[in-house]
Amino acid sequence: MKRKVIQITITEACNLNCIYCYEKNKDFRKMEISLAKSIIKDSFSQSDSNDILEFDFHGGEIALAFTEIKTICEWAWGEKWNNEYIFHATTNGTLIHGEIKQWFAINSHRFSLGLSLDCTEEMHNINRSNSYSLIDLDFFRKSWPNQTVKMTISPKTISMADKGIIDIVNKGFKLTANLAYGQIWDGIDLRNQYRKALSRLVDFYLENPHLEVCNLVSLNLSTIGKNILLNRPRIHNKWCGAGQDMKCYSIDGTVYPCQMFNPSSNKIQDLNILNKIDIVNIPVEDCDSCALLPSCPSCYGYNFIINGKISKSPDELCDFRKLEALASSFLFGKMLQTPSKYMSTKNMNEAQIACTILGIDFIQKEFGKLGNIYQKA
C-alpha cells in the first residue's frame, strides 16, 4: 500500500506568534468548503486502488477553521470511497477545548491530531507565545498514543534541547524534533551548546535502553555504510514526498509540492518555475563531497526560500547536522556492543549492523574535528 498526502490549507489565521514561524505571509482567509470537497473528490478519482490517502488540514491554526473541518469530514464520512483514507491535522493545542475537544475525541479513530509542543514549559513559552498552560496534554496522549509530538528547537532553547526531549518522553509521548529554519544559527557558542545537549541526550538513551531513540541522534548510518561497502558514489536520497507522494493546495486551490512552497510561506513571483522543478530527482549542489549526503534531511521548500532553488541547501545548519551525526555514531556504537539490550538495535540483522558500523567509523573520522561529542558535558 502506498500513502499519498494531500495537504489542504484550510486557514492561514493563527492565534499565536511563534518566534520561528516560517509562514510570514499569512492572513485571515479560509478555504471555501466547496473547494475542499472538490479537492477530496478529485484525489479519490485520481488515485490507484492500492493508495492510502491522508488528507492533512493545514494552517495557520486549524482549530480556527473547526466549523469548516467538521462539515467537510462529516460529509466525507457519509460518502463511499474506493480507497482507505484518514484525516489529519497539526495543531498548537491551545483551542482544543469544549465542543472542539469533544468532537475530536469522538472521532479520534478516523481523525488524528498532531501536537506542536516545544517540550518543557520554559522552552515552549519562549518559542510559542506563553501558551503551554492552554494545552491539555493528557487529552492528546490518551487520544492518539502513537502520534508523535512535533518539537522545534530555536537558538534560544538549543541549550535545553536534551531537557525538553527527556521531559516529553517521560510524559509518555513519542516525538520528532528539528532545528528551526529561518533563524540565525551563527556562532561557535550555539554549536557548543548543542554539542553538550546531544552528549547528555546520548547518556539518557544509554541509561534507558527500553526507549526508542529520537530522530536527532538516530541518523541512518546504515545507508552511509552501505554506500561505502558497495563503493557507490554519494547520492542524495530524497528526504520527503514533496511533489511526488505529497501535494499542497493553497487557499485558492493552487497546487504546490508542499506547504513550504505555499504562498503563505514562499512568495514565488513566477508560478511557471514550479513546472520546471524536478521534485522527484533532485541533485544537491555543493554537497557532493559530504559524508552526510545520503542521509541529510534537506528541506527543498526552505532551500528555495533562501537560495531560489531546491537543490542548494543553506550552509547555516551544516555543522549542527554533523554534530547530530557524531552523536548518533557514538550512541549506536555503544548500543551495538550489546544490540539485544536496546530497543533501537535489537531487531537489526547482521547486514544492518555491519553497514552501521562502517557508517559509524566513517562519520567519526570525517567530523571528529567538530568537537568531542563522546565526553560527558
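Sequence order sets the numbering: in each chain, residues are counted from 1 along the sequence as written. Local features in this predicted model are restricted to residues of pLDDT 70 or higher, and side-chain atom pairs are both shown and tallied only at a pLDDT of 80 or more, whereas totals for entire chains, interfaces and linings draw on every residue. Hydrogens and waters are ignored; side-chain quantities use all the structure's heavy atoms.

1. Some points on the environment of Ile135
Here is step 1: What counts as a helix is a DSSP run of H or I of at least four residues, what counts as a strand is a run of E of at least two, and both are numbered from the N terminus. Position of Ile135 relative to the elements: it lies in the loop between helix 4 (121-127) and helix 5 (137-143).
Here is step 2: Along the primary structure Ile135 and Val169 are separated by 34 residues, whereas in three dimensions their C-alpha atoms are 17 Å apart.
Here is step 3: Leaving out residues up to four positions away in the same chain, Ile135 has contacts with Asn92, Gly93, Thr94, Leu115, Leu117, His124 and Phe140. We call two residues contacting when some pair of their heavy atoms lies within 4.5 Å.

2. Regarding a nonpolar patch on the surface
Here is step 1: Patches were defined on residues exceeding 30% relative accessible area and lacking a salt bridge, with like-charge contacts within 9 Å and nonpolar side-chain contacts (Val, Leu, Ile, Met, Phe, Trp, Tyr) within 5 Å. Here the open area of atoms and residues is found with the Shrake-Rupley method and a 1.4 Å probe, where only the protein chains shown may cover a residue. Salt bridge, as used here: a side-chain nitrogen of Lys or Arg that lies within 4 Å of a carboxyl oxygen of Asp or Glu. A cluster of nonpolar side chains, contributed by Ile228, Leu229, Leu230 and Leu358, occupies part of the molecular surface with about 340 Å² of accessible area.
Here is step 2: Summarising the element assignment, Ile228 is placed in helix 8 (residues 221-229).
Here is step 3: Each residue gets one of three labels from its accessible area relative to the maximum for its type: buried under 20%, exposed over 50%, partly exposed in between, using a 1.4 Å probe on protein chains only. Classification of Ile228 as partly exposed rests on a relative accessible area of 37%.

3. Some words on helix 8
Here is step 1: Those residues of helix 8 lying buried are Leu221, Ser222, Thr223, Ile224, Gly225 and Asn227.
Here is step 2: Where helix 8 is buried, its residues contact helix 10 (318-335) and helix 11 (350-367).
Here is step 3: Pairs of N or O atoms within 3.5 Å make up the polar contacts considered here, provided that, within protein, one atom can donate a hydrogen while the other can accept it, and that residues adjacent in sequence are counted only when both atoms are side-chain atoms. Sitting at the head of helix 8, Asn220 places a side-chain oxygen 3.4 Å from the backbone nitrogen of Ser222.
Here is step 4: Of the residues flanking the end of helix 8, it is Asn231, one or two places downstream, whose phi is positive at about 55°.

4. Here we look at the layout of surface pockets
Here is step 1: Within this scheme a cavity is a closed region of a 1 Å grid, computed over the protein atoms alone, that accommodates a 1.4 Å probe without allowing it to escape, whereas a pocket is open but has protein on both sides within 12 Å along at least five of seven lines; lining residues each have an atom within 4 Å of a point. Grid points are joined across faces, edges and corners, and a volume is the space filled by probe spheres set on the points. Looking at the second largest pocket, its volume works out to about 320 Å³.
Here is step 2: Considering the residues around the second largest pocket, the lining is formed by 23 residues, among which Cys287, Cys296, Ser313, Pro314 and Cys318 are closest to the centre.
Here is step 3: Counting residues per element, the ones that place at least two in the lining of the second largest pocket are helix 9 (300-307) and helix 10.
Here is step 4: Here the lining of the second largest pocket gets 3 residues from one element, more than from any other, and that element is helix 10.
Here is step 5: Taken together, the residues of the lining of the second largest pocket sort by class into 13 nonpolar, 5 polar and 5 charged. Throughout this entry, Asp, Glu, Lys and Arg are counted as charged residues, while Ala, Val, Leu, Ile, Met, Phe, Trp, Tyr, Cys and Pro are counted as nonpolar. The remaining residues, Gly among them, count as polar.

5. Here we look at the pairing of strand 3 (residues 84-91)
Here is step 1: Strands were regarded as paired on the criterion that DSSP finds at least two bridges between them. Sheet analysis places strand 2 (residues 51-58) next to strand 3, joined by 6 bridges and oriented parallel. Looking across to strand 3, one finds that Ile52 is bridged to Glu84.
Here is step 2: Considered for its hand, the β-α-β crossover made up of strand 2, helix 2 (residues 66-77) and strand 3 is right-handed.
Here is step 3: Here strand 3 pairs with strand 4 (residues 111-115) via 5 bridges, running parallel. In the strand pairing of strand 4, Thr90 is matched with Gly114.
Here is step 4: Since strand 3 and strand 4 lie parallel, the crossover through helix 3 (residues 98-106) that links them has a hand, and here it is right-handed. Viewed with both strands pointing away, a crossover whose connecting path from the first strand over the helix to the second turns clockwise is right-handed.

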